[in-house]
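Spelled out from the first residue to the last, the chains are:
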Number of protein chains: 4
Amino acid sequence: MVIWEDLRSWQFWKAVLAEGLGTLIFVGVVLGASCPSRGSVPGITPDPLQPALAGGLVVVALVQVLGEVSGAQTNPALTLALLCAGRLDLLRGAAFILAQSTGAILASSIFYLALPQTAVVQLVTRVSSGSHAGQALGMEFFSTFQLILTVFAVTNQQQQRDTGGLGSLAMGFSVTAGTLAAGTFSGGSMNPARSLGPAVVTGIWDHHWVYWMGPTLGAILAGLSIEFLFSSGASQKKLVV
Amino acid sequence: MVIWEDLRSWQFWKAVLAEGLGTLIFVGVVLGASCPSRGSVPGITPDPLQPALAGGLVVVALVQVLGEVSGAQTNPALTLALLCAGRLDLLRGAAFILAQSTGAILASSIFYLALPQTAVVQLVTRVSSGSHAGQALGMEFFSTFQLILTVFAVTNQQQQRDTGGLGSLAMGFSVTAGTLAAGTFSGGSMNPARSLGPAVVTGIWDHHWVYWMGPTLGAILAGLSIEFLFSSGASQKKLVV
Amino acid sequence: MVIWEDLRSWQFWKAVLAEGLGTLIFVGVVLGASCPSRGSVPGITPDPLQPALAGGLVVVALVQVLGEVSGAQTNPALTLALLCAGRLDLLRGAAFILAQSTGAILASSIFYLALPQTAVVQLVTRVSSGSHAGQALGMEFFSTFQLILTVFAVTNQQQQRDTGGLGSLAMGFSVTAGTLAAGTFSGGSMNPARSLGPAVVTGIWDHHWVYWMGPTLGAILAGLSIEFLFSSGASQKKLVV
Amino acid sequence: MVIWEDLRSWQFWKAVLAEGLGTLIFVGVVLGASCPSRGSVPGITPDPLQPALAGGLVVVALVQVLGEVSGAQTNPALTLALLCAGRLDLLRGAAFILAQSTGAILASSIFYLALPQTAVVQLVTRVSSGSHAGQALGMEFFSTFQLILTVFAVTNQQQQRDTGGLGSLAMGFSVTAGTLAAGTFSGGSMNPARSLGPAVVTGIWDHHWVYWMGPTLGAILAGLSIEFLFSSGASQKKLVV
């Protein structure tokens, strides 16, 4: 069977390892940059500028490092969208999401051990005090939609040749832009693994479903939009059939 | 007739849809990044750094995603300049501006529903309290001039081949630079659609003409400068004839 | 004579115009981004982050727009270094510096008219209160040295082919890095035209020589370092001869 | 002997000079951007945003300028990792580290002379008051690991051709991301030379070992991970043999 061949193949495990390590690095960098410097008042949503920049820039690097190994997805919402678009098989999708979740929890554990209890609580993405869950859900949906639109467009085989590698920049810049856009409302996660890690280690699960449902729906809609509407191969016929 | 052929073509409606969606994403990201984090005092012009960065970076991504479909203009001032330069026909120009305005109003409606009334008022671009309308007009003209100069130069067919795709970066970086330059005076709009959206949903139309006249005049002058002066094909003769 | 041919050529005047317009845009963007937002206290050196980012990003755009016309130098220190390295003839060098100075004074005049007197004073680069002239001179020298090192390296004919257009990014990023490095000491000018403009319109000439001598010496030393030491064509022999 | 040939070769000394000058520029830019603007309170860890941006952007420029001469390593941890991976011979490695240390001490001396005693103390990277040495060590390890992973991946011969020069961007962006991630805990050095310079001129050696051990271990582990796991040439066999 094909599954057994995959499970025995070095390429498969290398890709799974790459997703785990990549998510560990991404979540570690974002959490580190989110740590409140200077004795800041707890309870206030931290300014999203530094984690937004750090997250976007590390994605540019990760795509260069791990792009050829596993695609450097490092985001369960993206993996689910690739599954829905038929670009990824089920075994790989499930293994990648497990690896991403493990990487994110490992990264969060480091900060749980390194930070005092009052500081680590601030790493959990949560609906900000001025918003309610629906607003956070909407902003996570919107930000992830624009991010995954970019990822699907630049990884499209035919366009990739034209852009000559600029795709990794566009992906990272989308991460920064989306985090800045949603930061005030929901913390700007766009990545269920990034929200899962701190939730597991702190045990704070308030509105956690927002950070799975918003990004996943946004990602799937974005993926289908590119596949059926905007990619150079898409046509009216493809939409109908 | 050609117009009827256009109206029946899938390519035409795909481009119109791309302009609507692209402007929705651009305006949504800029407005989201403009939302005052932490209980900031109303009445103070928010710092332009975060919307400037978010706007510029999402433009880089949008050009990669929608550039081949419609050019990812997402700005009525640019569309008008392309019309004046004869790079776009009237039907397409009118349809694009309608789509851009619709996208911007849709994006603004989301924030109108999501934000308390005191916060949504801050999303309207307006002449800052220390300036008067003429200064804001001048800065919108200047900032849009440098932005559209960049857009026209990098989309010039002959140069495009040499720069190898770096054009999208230059466009996005111009958006950030222009927003930072004009931010203190006028909010750094450079895009009539970005100003139209919040004005429609809040009903605040103070000095709204500034955000159509400044960017449009700046864009048209920039477009003509490139076409007749600085493009590699331009020559003294072309200027005379 | 060659000079008369130049003076009659459209290419020559187009390049001079490009330098004037380019410097007007560069200085206008930097001054606009330096304007204190929110009623900030006069006398305090403004934070260099926003002008540093705006200046660097607009340079990336200007190199794409005007690079083929005049090289988009927009900096008298760079023009003088190119003169010393024999990459530019005397007529062109003198005309470029005149055009750059005119563009910078024009840009500064706009802000002189637009801003209240207390705000326009803050646009003048000056030795910060905690430093003395020698420190400011040293930092301007250092920052300009690293900037012009980058400009000379990436405009080197042989390397240009390899880097595939990334040179414009490296130039702009050097502007941002240098401004951040020298900002606290001297305002991070690295460009005599940027300092000349506000000095002319405000009549504040304190330590103005620092902003000509520091950048010019740094630029010339950097140019000679690349030509005789680090360029791929340079060799021990070239240094001796 | 090969060593004597190296010591007589102009290429060898040019590379050593490039490492010294490159580290002087890198450390000078980072220290300059770390200088507290506005009379800030001593004892508070400065915000890492400005040095993080300046350091990352100047690395992009330095790779363009000195990349072909010496690789623009400017980091003893990277040089040690290249030694371990067999990409660099012992003589070159030792000479580079000496040159890097000298450049960093020279850059720090400038700021020692330029700044008042209370300010220069803030340039020393140190374990922040809320952390202990083990946390700082862990964050330096983690940040350097992701940085050197990027450097090794993009300098890999086979991948370099595909990415077309984007590697220098990925390296610089990793520097910024890593500095932002570790900034709150340890100052985000990731470079023993950057920490050595201020320590030598101020005589403050508290926890100095952290800034050699953390980056070096992170760099070596990252180098080996790329060589044996993720590079396109790596395979299960290579790992076993």
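Structure's up top.
Presented here is a report on the structure given in the accompanying data block.

Parameters and conventions
Residue indices begin from 1 for each chain and proceed along its sequence in written order. Lettering of chains starts at A and numbering of ligands starts at 1, both following the order in which they are written. For this predicted model, a pLDDT threshold of at least 70 governs which residues receive local features, and a threshold of 80 or more governs which side-chain atom pairs are given and counted, while totals over whole chains, interfaces and linings are taken from all residues. Neither water nor hydrogens contribute to the side-chain values; these are computed over all heavy atoms in the structure. Counting from the N terminus, the helices are the DSSP runs of H or I reaching at least four residues and the strands are the DSSP runs of E reaching at least two. Exposure is judged per residue with a 1.4 Å probe applied to protein chains only, and the accessible area is read against the type maximum: over 50% gives exposed, under 20% gives buried, and values in between give partly exposed. Here, residues are in contact when the closest pair of their heavy atoms is within 4.5 Å. The protein chains shown are the only cover counted for residues, whose accessible areas, like all others here, come from Shrake-Rupley with a 1.4 Å probe. Least squares is the method used to superpose the copies, on C-alpha atoms of residues holding a pLDDT of at least 70 in both. Only the stretch in contact is used when a helix axis is fitted, and all axes are lines through C-alpha atoms; the angle between N-to-C directions ranges over 0 to 180 degrees. Each angle receives one of four descriptions, namely roughly parallel if under 35 degrees, roughly antiparallel if over 145, roughly perpendicular if within 65 to 115, and oblique otherwise. What makes a crossing left-handed is the near helix being turned counterclockwise from the far one by less than a right angle; a clockwise turn instead makes it right-handed. The quantity reported as buried area is the accessible area (1.4 Å probe) lost by two parts once they are put together, taken as the sum for both. By convention in these notes, a salt bridge is any Lys or Arg side-chain nitrogen within 4 Å of a carboxyl oxygen on Asp or Glu. Note on residue categories: nonpolar means Ala, Val, Leu, Ile, Met, Phe, Trp, Tyr, Cys or Pro, charged means Asp, Glu, Lys or Arg, and polar means any other residue, Gly included. Two aromatic rings, drawn from Phe, Tyr or Trp (for Trp, its six-membered ring), form a pair once their centres lie within 6.5 Å of each other, and the interplanar angle then sorts them: stacked below 30 degrees, edge-to-face above 60, tilted otherwise. Here a polar contact is taken to be a pair of N or O atoms separated by no more than 3.5 Å, where protein atoms must pair a possible hydrogen donor with a possible acceptor and residues adjacent in sequence count only if both atoms sit in side chains. Here a helix's expected span is defined as the number of its residues, less one, multiplied by 1.5 Å. In summary, the charge assignment counts Lys and Arg as positive and Asp and Glu as negative, without counting His or the chain termini.

1. So, the overall build of chain A
Along its length, chain A carries 12 helices and zero strands. Listing every helix and strand of chain A by position from the N terminus yields α-α-α-α-α-α-α-α-α-α-α-α. The buried share of chain A, taken over its 241 residues, is 64%. Taking the intrachain contacts of chain A between residues at least 6 apart in sequence as the baseline, contacts between residues at least 24 apart amount to 77%. When the accessible surface of chain A is summed, it comes to about 8,800 Å², and 66% of that surface belongs to carbon and sulfur atoms.

2. Some words on the relation of the copies chain A and chain B
Least-squares fitting of chain A to chain B yields an RMSD of 0.0 Å, with the transformation described by 0.0 Å of translation along the axis and a rotation of 90°. One copy is carried onto the other by what is essentially a four-fold rotation axis. With a heterologous cut-off of 20% or less, the 11% of interface residues of chain A that recur at the interface of chain B puts this contact in the heterologous class.

3. Section: the packing of helix α9 (residues 167-186) of chain C against helix α3 (residues 49-70) of chain D
Viewed as axis vectors pointing N to C, α9 of chain C and α3 of chain D meet at an angle of 140°, and their least axial separation amounts to 8 Å. It follows from the interaxial angle that α9 of chain C and α3 of chain D lie oblique. The element α9 of chain C and its partner α3 of chain D pack so that their crossing is left-handed. The residues of α3 of chain D that touch α9 of chain C, namely those facing Ala170, Phe173, Ser174, Thr176, Ala177 and Leu180 of chain C, are Gln50, Leu53, Ala54, Leu57, Val58, Val60, Ala61 and Gln64 of chain D.

4. Quick notes on the relation of the copies chain C and chain D
Expressed as a screw transformation, the operator carrying chain C onto chain D has a rotation angle of 90° and an axial translation of 0.0 Å, and the superposed copies differ by an RMSD of 0.0 Å. A different interface surface on each copy is seen, since only 11% of the contact residues of chain C are contact residues in chain D too.

5. So, the interface of chain C and chain D
Opposite the 37 residues of chain C that make contact, chain D presents 38 residues. For the chain C and chain D pair, buried surface summed over both sides reaches about 3,200 Å², with 73% attributable to carbon and sulfur atoms. By the criterion of area lost to chain D, the three top residues of chain C are Phe142, Phe173 and Phe230 of chain C, representing 20% of everything that side buries. Summed over the shared surface of chain C and chain D, the number is zero salt bridges. For the side of chain C that touches chain D, the per-class residue count stands at 22 nonpolar, 13 polar and two charged.

6. A look at the packing of aromatic side chains
The description of an aromatic ring pair uses the distance of the two centres, along with the angle that the planes make with each other. Counted according to the given criterion, the structure contains 16 aromatic pairs over all chains. Between the aromatic rings of Phe173 of chain A and Phe173 of chain B, the centroid separation amounts to 6.5 Å while the plane-to-plane angle is 40°, which identifies the pairing as tilted. Of this pair, Phe173 of chain A sits in helix α9 (residues 167-186) while Phe173 of chain B sits in helix α9 (residues 167-186), each in a different chain. Judged on exposure class, the residue Phe173 of chain A and its partner Phe173 of chain B are both buried. The rings of Phe173 of chain A, Phe173 of chain B, Phe173 of chain C together with Phe173 of chain D are connected pair by pair, giving a single aromatic cluster.

7. Considerations on the side chain of Asn75 of chain D
Residue and element names in this part refer to chain D. One can find Asn75 in the loop between α3 and α4 (76-84). In terms of polar contacts, Asn75 uses its side chain to reach the backbone carbonyl oxygen of Met190, at 3.0 Å. Excluding residues that lie within four positions of it along the chain, Asn75 makes contacts with Gln100, Leu147, Met190, Asn191 and Pro192.

8. Quick notes on the interface of chain A and chain B
How big an interface is tends to be stated in terms of the accessible area lost upon association of its parts. Each side of the interface is counted separately: chain A has 37 residues, and chain B has 38 residues. Buried area between chain A and chain B, both sides added, is near 3,100 Å², and the carbon and sulfur share of it is 73%. Inspection of the chain A/chain B interface yields zero salt bridges. Our enumeration of links across chain A and chain B arrives at two residue pairs in polar contact (both at pLDDT 80 or more). It is α9 of chain A that provides the largest number of residues to the side of chain A that touches chain B, a total of 10 residues. A class-by-class count of the residues in the side of chain A that touches chain B yields 22 nonpolar, 13 polar and two charged.

9. Focus: helix α5 (residues 90-114) of chain A
Its 25 residues give α5 of chain A an end-to-end C-alpha distance of 36 Å, which sits within 8% of 36 Å, the value for a rise of 1.5 Å per residue. Capping the start of α5 of chain A is the job of one residue whose side-chain oxygen sits 3.4 Å from the backbone nitrogen of Leu91 of chain A: Asp89 of chain A.

10. Structural notes on the pattern of salt bridges
Residue and element names in this part refer to chain B. What the rule picks out here adds up to eight salt bridges over all chains. When the shortest N-O distance is used, the salt bridge between Glu227 and Arg87 registers 2.9 Å. With a gap of 140 residues between them, Glu227 in helix α11 (residues 210-230) and Arg87 in the loop between α4 (76-84) and α5 (90-114) connect regions that are remote in the sequence. Classification of Glu227 by relative accessible area gives buried; the value is 14%.

11. Considering the side chain of Arg194 of chain D
All names here are of chain D. Secondary-structure assignment places Arg194 in helix α10 (residues 192-202). Of the side chains with opposite charge, Glu140 comes closest to the buried, unpaired Arg194, at an N-O distance of 8.0 Å. For Arg194, the side chain forms a polar contact with the main-chain oxygen of Leu123, separated by 3.2 Å. If sequence neighbours within four positions are ignored, Arg194 has contacts with Val27, Val30, Leu31, Ser34, Leu123, Thr125 and Ser189.

12. With respect to the packing of helix α7 (residues 133-155) of chain A against α9 of chain A
All names here are of chain A. As a packed pair, α7 and α9 sit with axes 9 Å apart at the nearest point and diverge in direction by 175°. The angle between the axes of α7 and α9 places the two elements in the roughly antiparallel class. Seen from α7, the contacting residues are Ala136, Met139, Glu140, Ser143, Gln146, Leu147, Thr150, Val151, Val154 and Thr155; seen from α9, they are Gly167, Ala170, Met171, Ser174, Val175, Ala177, Gly178, Ala181, Ala182, Phe185 and Ser186. In the contact of α7 with α9, the residues fall into 12 nonpolar, eight polar and one charged.

That is the geometry; function is a separate question.
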